[in-house]
Amino acid sequence: MGKTVRRKGLLACLLLWACLLPAAGQWKDTLVVARDGTGDYRTLTEAMEGIRAFMDYRVTVLVRNGLYKEKVVLPSWLQNVEFVGEDAEKTVITYDDHANINRMGTFRTYTFKVEGNDITFRNLTIENNAAPLGQAVALHTEGDRLVFINCRFLGNQDTVYTGVAGTRLYFKNCYIEGTTDFIFGPSTALFEGCTLHSKRNSYITAASTPADVPVGYVFRGCRLTAAAGVDKVYLGRPWRPYAATVFIGCEMGSHICPQGWDNWRNAENEKTARYAEYGNTGEGADTTRRVKWAVRLTAAEAARYDDWDYLFEACSKWRRNQALGVRH
């Protein structure tokens, strides 16, 4: 009698466990998000529940055209995911927090926060639609090996925050707009064929690259444009002393001021900031009146930035050393 009861109890537990855990076939490798309810999920936040944690296979999330007003966090246990919008201009993820709402501060204002690794985004708009009343981040990245292709990042101050030192990011054919410091943070990031649109006289970048990371922001083959009436924009200023930013083969409009770079009201930053240019064109590309502490690269020096091992491998070594507690 006792054995029978135990068997029945075990069977009941197994059945309950089977009901609670998703069946193997429940995990799909393609999910559809559609605001109108015709897909698997109506929001991106809901779609996260349909992606298995720490996957060793690729999952594609197809996002249909629509306005998705939500504050999205892509958690650290999600990896090997690709988010593909139907149309970059019609697939819009938006929110409207800014730093002065309930003393929120900059780093909680994001519309889309990416904590996971090995994630690709295509054909999406990520927007912070807050009024220009303070810092308002559209994209906040913390993950490593993130790729953004044909995406649009819309906002005002602090549009794109690359938030963790030693992480590697790649932006290809993207549109990024903002007012002040609209690309900022400590990550190593390559921007290739992107458009950087200044909406106000201010600063494009505010890198905070660690001293022992050789590459910060690299802009290659990008276009620098501005709104009407904007005529005094700096390429960058150092959020931290060893900020590293390079522009190579970019087309610079007349809104780029002759000095090019700013020291953030601290002359000591001129001794450490790593700012450089090579082979840029357009009215704003003339380097004859640039600040003396910015570097004009040689052809050989500029060619290093064509080498992905140079761009990203040193960053990878830095991450390993940090994990091992190696001091430089």
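Located above this text is the structure these notes cover.
Model, not experiment: these values are computed from the prediction. Residue numbers here run from 1 along each chain, matching the order of that chain's written sequence. For this predicted model, a pLDDT threshold of at least 70 governs which residues receive local features, and a threshold of 80 or more governs which side-chain atom pairs are given and counted, while totals over whole chains, interfaces and linings are taken from all residues. Calculated side-chain values reflect all of the structure's heavy atoms, with hydrogen atoms and water omitted.

Caption draft 1: Representation of the packing of aromatic side chains. Paired rings are identified among Phe, Tyr and Trp, the last through its six-membered ring, by centres lying within 6.5 Å, and are further divided according to the angle between planes into stacked (under 30 degrees), edge-to-face (over 60) and tilted (the rest). Counted under the stated rule, the structure contains 23 aromatic pairs. Here F148 and F171 contribute two aromatic rings whose centre-to-centre distance is 4.7 Å and whose plane-to-plane angle is 15°, an arrangement assigned as stacked. Separated by 23 residues along the polypeptide, F148 in strand β11 (residues 146–149) and F171 in strand β14 (residues 168–172) bring together distant segments of the chain. Comparing F148 with F171 shows no difference in burial state: the two are buried. Ring geometry for F191 against F219: centres 4.5 Å apart, planes inclined by 15°, an arrangement best described as stacked. To qualify as a helix, a DSSP run of H or I must reach at least 4 residues; to qualify as a strand, a run of E must reach at least 2; elements of each kind are numbered from the N terminus. A simple rule labels every residue: compare its accessible area, found with a 1.4 Å probe on the protein chains alone, to the largest value its type can have, and call it buried under 20%, exposed over 50%, or partly exposed in between.

Caption draft 2: Representation of the state of the cysteines within the structure. Disulfides are defined in this document as cysteine sulfur pairs within 2.5 Å. Tallied over the entire structure, the rule returns 0 disulfides. The thiol of C174 is not disulfide-bonded; the next cysteine sulfur, from C194, is found 4.7 Å away. Residue C174 is classed as buried on the basis of its relative accessible area of 2%. C250 supplies the cysteine sulfur nearest to C222, a cysteine that is in no disulfide, at a spacing of 4.6 Å. Assessed through its relative accessible area of 1%, C222 is described here as buried.

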